[in-house]
Amino acid sequence: MYRVIAHLDMDAFFASIEQRDDPALRGKPVIVGAPPTQRGVVCAASYEARKFGVRSAMPSATAGRLCPKGVFVRPRMDRYKEESGFILKIMADTGAVIEPMSIDEAYLDLSARCHGEDADASLLSCVPIARQLKERIRSERGLTATVGIASNKLLAKIASDFEKPDGLTVVSERDKVQFLRPLPARVLYGVGRVTEQVLLRVGIRTVGDLQDYSGDLRALVGSFGPKLKQFAVGEDDRPLELGDEVKSISGEETFLQDTEDRGVLRACLREQAAEIAAKLKRRRLAAHTIQVKVRYGDFTTLTRQLTVEEPVSEPKDIYRLACFLLGRQRLVSRPLRLLGLSASNLREPTAQQLTFW
Ligand SMILES: [Mg+2]
C-alpha cells in the first residue's frame, strides 16, 4: 500500500462564511474585525480585500486606509466553529484518518482508500475522492476548499497552497523534485523568516538552490540540516498526529506590587510576547488564538481571547493582539496582581503568511 495524504484548506474561511450568509457582501472586500474607527484588529479578510493588502492581525485602522471601500463585519467565532464541525463531518465521510490542523484545515490520510500499481497511480486514484469532497463542501455548505494531494504532509500542504482558491493539486512522486525547485525555500516546513535569512546569506533562495547546495547545511541551520535536506527533495515521514493533547504556550508574571502602570504592563506583555514567539519559532508553529489573563488584588481572575484566521508568530503581532485585548476589554480597571499571555490553536505558519512577513 502506498501513502496518500491530502491537505484541505478552506478558502478565506471566515470572510467566505460572512459572504455566504449575507448575499449583500458577495464580491465585496469583506474585512472581519473591529471597524477602522475603533482600536482593533483584522481577524480575516476576503480575497477581494486581500488584493488591497489587507491581512489578518493588522490594525483595523491600517486596513481601512489600504482598503477604503472595505466592508467591516464583526467576527462570529461561534458560527465559524460550528461550520468547522460540519466540514469535519464531511471529511470524515471519506473514510480518511484525519488530523485537524486548525479551524479551517486538516490533513487526511487516504492511504486505505487508494489503489494502483505504483505510488503515482495511487495518488491519482484518490483524486475523485478529493473532487467529491470539494463538491460536497460546495453544495452542502456553500463554501470552497483547496486540496493538495501527495505522498506526505510536507508536499500535500505545499500543494494546497499552490492554487488557491478552489484548487486541487497533485504532486506526483515522479515530479516532486522538479515541482519544488522554483519555489522559495520558505515553503518548506520549518523554514521561517530567520532560517530564510540564514539561507539567503549563502545564496539559497529557492528549494532548487537547497537541492543543489553541496555544503553542510548543519553549519547553517544546526540540527535541522538533515531534515531540511530531505524536505528539499520532497521527503517527509512525519506521521499524522491524532492525539488531542493540549497545545498552548503561555507565560505569566506576578508583580511584586499590584500595578496599573501602563508602561509596566506593556513592557511585561512585550517580554511575554517575545518569549512566546521564540518558543513558537523553536517548534516551528504559529498561533491562531491569543489570550490575556489578569488577576486583581482580590484574586479575581479574568481571561480574554481573540482568534485570527491567519496564525501569528511574530512578537510584534502577538504583542499587538495582547495590547488590544487588554485595552478593549478594559481589564485594567484596577491594579493587577498578575498578567499572563498565552498562545493556542497552534499550527504551522502558511507560506502565504511568510510572504507577507
Ligand atoms: Mg484557509
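Residues numbered from 1 in each chain as written. Predicted model: local features only at pLDDT ≥ 70, side-chain atom pairs only at ≥ 80, totals over all residues. Heavy atoms only, no water.

Observations regarding the overall build of the protein
Just so we agree on the cut-off: Helix and strand definitions here come from DSSP, where helices need a minimum of 4 consecutive H or I residues and strands a minimum of 2 consecutive E residues; each element is numbered from the N-terminal end. For the exposure calls, accessible area comes from a 1.4 Å probe over protein chains only, and a residue counts as buried if that area is under 20% of its type's maximum, exposed if over 50%, partly exposed in between. The contact criterion used is simple: two residues touch if any of their non-hydrogen atoms lie within 4.5 Å. We score Asp and Glu as negative and Lys and Arg as positive, and we do not count His or the chain ends. Note on charges: their place is set at NZ of Lys, CZ of Arg, CG of Asp or CD of Glu.
Broken down by element type, the protein carries 15 helices and 12 strands. Principal-axis analysis of the C-alpha atoms gives the protein an extent of 70 × 55 × 40 Å. The buried share among the 357 residues of the protein stands at 53%. Counted over contacts in the protein with a minimum sequence separation of 6, partners at least 24 positions apart contribute 67%. Measuring between centres, the 54 positive side-chain charges of the protein sit 6 Å from its 47 negative side-chain charges.

Looking at unusual backbone geometry
With the exception of glycine, the majority of residues adopt a negative phi angle, and the majority of peptide bonds are in the trans configuration. For the peptide bond that leads from Lys164 to Pro165, omega is -5°, which places it in the cis range. Positionally, Pro165 belongs in the loop between helix H7 (153–162) and strand S8 (168–170). With a phi angle near 75°, Phe299 is a residue other than glycine that sits in the positive phi range. Mapped onto the elements of the fold, Phe299 is located in the loop between strand S10 (286–296) and strand S11 (301–312). Positive phi is not limited to glycine here, since Asn345 has a value of about 60°. Within the secondary structure layout, Asn345 lies in strand S12 (residues 336–347).

Some details on the sheet that holds S12
So the rule is basically this: Should DSSP find at least two bridges between two strands, the strands are regarded as paired. Axis definition: a line fitted to C-alpha atoms, over the contacting stretch in the case of helices. Angles run 0 to 180 degrees between N-to-C directions.
In space, the four strands of this open sheet follow the order S9-S12-S10-S11, with antiparallel pairing throughout. Only two strands of the sheet have a single partner each, and these edge strands are strand S9 (248–259) and S11. Strand-to-strand twist of the sheet, defined as the mean angle between neighbouring strand axes without regard to direction, takes the value 15°. Inspection of the sheet shows S10 paired to S12 by 10 bridges, in the antiparallel sense. Its bridge partner being in S12, Ala286 is matched across the sheet by Arg347. Across the sheet, helix H13 (residues 262–282) lies against S9, S10, S11 and S12, angled at about 160° from S9, the strand it touches most.

Topic: the domain arrangement of the protein
To keep things clear, this is the line we draw: Domain segmentation is taken from an automatic or database assignment of domains.
Along its sequence, the protein is organised into domain 1 (5–11 + 78–178), domain 2 (14–76), domain 3 (181–232) and domain 4 (248–349). Placing the centre of domain 2 and that of domain 3 at their C-alpha centroids yields a distance of 35 Å.

Thoughts on the sheet that holds S8
Taken in spatial order, the five strands line up as S5-S6-S1-S7-S8 in an open sheet, and their pairing is mixed. A single partner strand is all that each edge strand has here, and the edge strands are strand S5 (97–102) and S8. With strand direction ignored, the average angle separating the axes of adjacent strands in the sheet is 15°. Bridge count between strand S1 (residues 5–10) and strand S7 (residues 145–150): six bridges; the pairing is antiparallel. When the bridges of S7 are listed, Leu8 appears paired with Val147.

Things to note about a positive patch on the surface
Defined as follows: Within this analysis, patches are made of residues with over 30% relative accessible area and no salt bridge. Like charges are joined at 9 Å or less; nonpolar side chains (Val, Leu, Ile, Met, Phe, Trp, Tyr) at 5 Å or less. Exposure was quantified through the Shrake-Rupley algorithm and a 1.4 Å probe, taking into account, for residues, occlusion by the shown protein chains and nothing else. Criterion for a salt bridge: a side-chain nitrogen of Lys or Arg within 4 Å of a carboxyl oxygen of Asp or Glu.
Side chains of Arg39, Arg262, Arg266 and Arg270 sit close together on the surface and give a patch of like positive charge. Within the element layout of this structure, Arg270 appears in helix H13. Taking relative accessible area as the criterion, Arg270 reaches 48% and is therefore assigned partly exposed.

Describing the side chain of Arg20
Counting through the fold element by element, Arg20 comes out in helix H1 (residues 13–21). What makes Arg20 buried here is its relative accessible area of 17%. Ignoring anything within four residues of it in the chain, the contact list for Arg20 reads Arg26, Arg79, Glu83, Arg141, Gly142 and Leu143.

Things to note about the coordination of the magnesium ion
For clarity, the cut-off: Any N, O or S atom lying within 2.8 Å of the metal counts as a donor, with the limit raised to 3.2 Å for Na, K and Ca; because water is left out of the atom set, some sites can appear incomplete.
The coordination sphere of the magnesium ion, as far as protein atoms go, consists of Asp9 (OD), Met10 (O) and Asp104 (OD), spread over 2.2 to 2.4 Å. All donors of the magnesium ion come from a single chain, and their spacing in sequence reads D-M-x93-D. Pair noted here: Asp9 is in strand S1 and Asp104 is in the loop between S5 and strand S6 (105–109), with a separation of 95 residues, a long-range link. The same class applies to Asp9 as to Asp104, namely buried.

With respect to the state of the cysteines
Rules: When the sulfur atoms of two cysteines come within 2.5 Å, that pair is taken as a disulfide.
Considering all chains together, one arrives at zero disulfides under this definition. Left unpaired, Cys126 is separated from the closest cysteine sulfur, that of Cys114, by 5.2 Å. Exposure remark for Cys126: the relative accessible area of 0% places this residue in the buried category. We note that Cys323 lacks a disulfide partner, and the nearest cysteine sulfur, in Cys268, lies 11 Å from it.

Some thoughts on the pattern of salt bridges
Inspection of every chain in the model, using the stated rule, returns 33 salt bridges. A salt bridge links Arg79 to Glu82, with the nearest nitrogen and oxygen atoms 3.3 Å apart. Of this pair, Arg79 and Glu82 both sit in helix H4 (residues 77–92), three residues apart, which is roughly one turn of the helix. For Glu196, the salt bridge is made with Arg186, and the minimal N-O distance between the two is 2.9 Å. Placement of Glu196 in helix H9 (residues 193–201) and of Arg186 in the loop between helix H8 (176–180) and H9 is noted, with a sequence separation of 10 residues between them. With respect to burial, Glu196 and Arg186 carry one shared label: buried. Residues joined in a network through salt bridges with shared partners are Glu18, Arg20, Asp21, Arg76, Arg79, Glu82, Glu83 and Arg141.

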